[in-house]
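So the chains spell out like this:
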Amino acid sequence: MDALDRLRAFCLALPETTERLSHGEPVWFVRGKKAFVMFADHHHDDRLAFWCAAPAGAQEALVGSDPERFFRPPYVGHRGWAGVYLDVPEVGWDEVAELVADAYRQVAPRSLIARLP
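Residues numbered from 1 in each chain as written. Predicted model: local features only at pLDDT ≥ 70, side-chain atom pairs only at ≥ 80, totals over all residues. Heavy atoms only, no water.

Trainee: Kindly report on the pairing of strand 6 (residues 82–85), identifying the contributing residues and their values.
Mentor: Burial along strand 6 is two-sided: A82 and V84 facing one way and G83 and Y85 facing the other are all buried. Where strand 4 (residues 48–52) lies against strand 6, four bridges are found, and the strand directions are antiparallel. Note that in strand 6 the partner of W51 across the bridge is G83. (Buried < 20%, exposed > 50% of the residue type's maximum accessible area, 1.4 Å probe, protein only. Helix = DSSP H or I, 4+ residues; strand = E, 2+ residues; numbered from the N terminus. Pairing = 2+ DSSP bridges.)

Structural data, given as structure tokens:
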């Protein structure tokens, strides 16, 4: 599986999630309305990454802990979203799954969050 396939599997495993293209890139939405993860296939630079909604303070913590893996994405970074590079030697797919689930929790209604394991 490539990075997009793995990311897609994490996103679509969450309740009432849909995928559609936005600005030429796959984006995942809760109930077709609120985006929580955006794929970035060299969209604004020469890196493969994704952008995700993040809890308050998480963006700063992630970027501060490992700026080689995390960044403040354009357009949504000012809203606290985090960027995660997928072209690093050790991606850490368990951590990616956690970040995707956290992003989902930021935008999903409580009734859907309650359905998460």
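On we go.
Trainee: I'd like a rundown of the nonpolar core, residues and numbers included.
Mentor: Grouped together as the largest cluster of nonpolar side chains are 44 residues, with contacts concentrated most on L7, F36, V37, F50, L86 and V100. For this core, the element with the most residues is helix 3 (residues 93–107), which contributes seven residues. What L86 contacts, discounting residues up to four positions off in sequence, is A3, F39, L48, A49, F50, V91, W93 and V96. (Core = buried A, V, L, I, M, F, W, Y, C linked by side-chain atoms within 4.5 Å. Contact = heavy atoms within 4.5 Å.)

Trainee: Provide a residue-level description of helix 3, including the pertinent values.
Mentor: Taking 1.5 Å as the rise per residue, helix 3 with 15 residues should run 21 Å; its terminal C-alpha atoms sit 22 Å apart, in good agreement. Every buried residue belonging to helix 3 is among W93, V96, L99, V100, A101, A103, Y104 and V107, and all of these are buried. (Expected span 1.5 Å × (residues − 1).)

Trainee: Requested: an account of the sheet that holds strand 1 (residues 17–22), with residues and values cited.
Mentor: Spatial ordering of the open sheet is given by 1-2-3-4-6-5, a layout of six strands whose pairing is antiparallel. This sheet does not close on itself; its edge strands, each paired only once, are strand 1 and strand 5 (70–71). As paired strands, strand 1 and strand 2 (residues 25–30) are joined by six bridges and run antiparallel to one another. By the bridge assignment for strand 2, R20 is matched with V27. Its contacts with the sheet put helix 1 (residues 3–12) on strand 1, strand 2, strand 3 (34–41) and strand 4, and the angle it makes with strand 2 is roughly 10°. Against the sheet, helix 3 makes contact with strand 1, strand 2, strand 3, strand 4, strand 5 and strand 6, and its axis sits at roughly 145° relative to strand 3, the strand it touches most. (Axes fitted to C-alpha atoms, helices over the stretch in contact; angles between N-to-C directions.)

Trainee: I'd like a rundown of the packing of aromatic side chains, residues and numbers included.
Mentor: The full count for this structure, using the stated rule, is three aromatic pairs. For the pair F36 and Y104, a centre-to-centre distance of 5.5 Å together with 85° between the ring planes defines the contact as edge-to-face. With F36 in strand 3 and Y104 in helix 3, the pair connects residues that are 68 residues apart, well separated along the chain. Across the pair, exposure class does not vary: F36 and Y104 are buried alike. Geometry around F29 places R20 over its ring, the cationic atom sitting 3.8 Å from the centre. Lying across the ring of Y85, R47 places its NZ or CZ 3.6 Å from the centre. (Phe/Tyr/Trp six-rings, centres within 6.5 Å; stacked < 30°, edge-to-face > 60°. Lys NZ or Arg CZ within 6 Å of the ring centre and 35° of its normal.)

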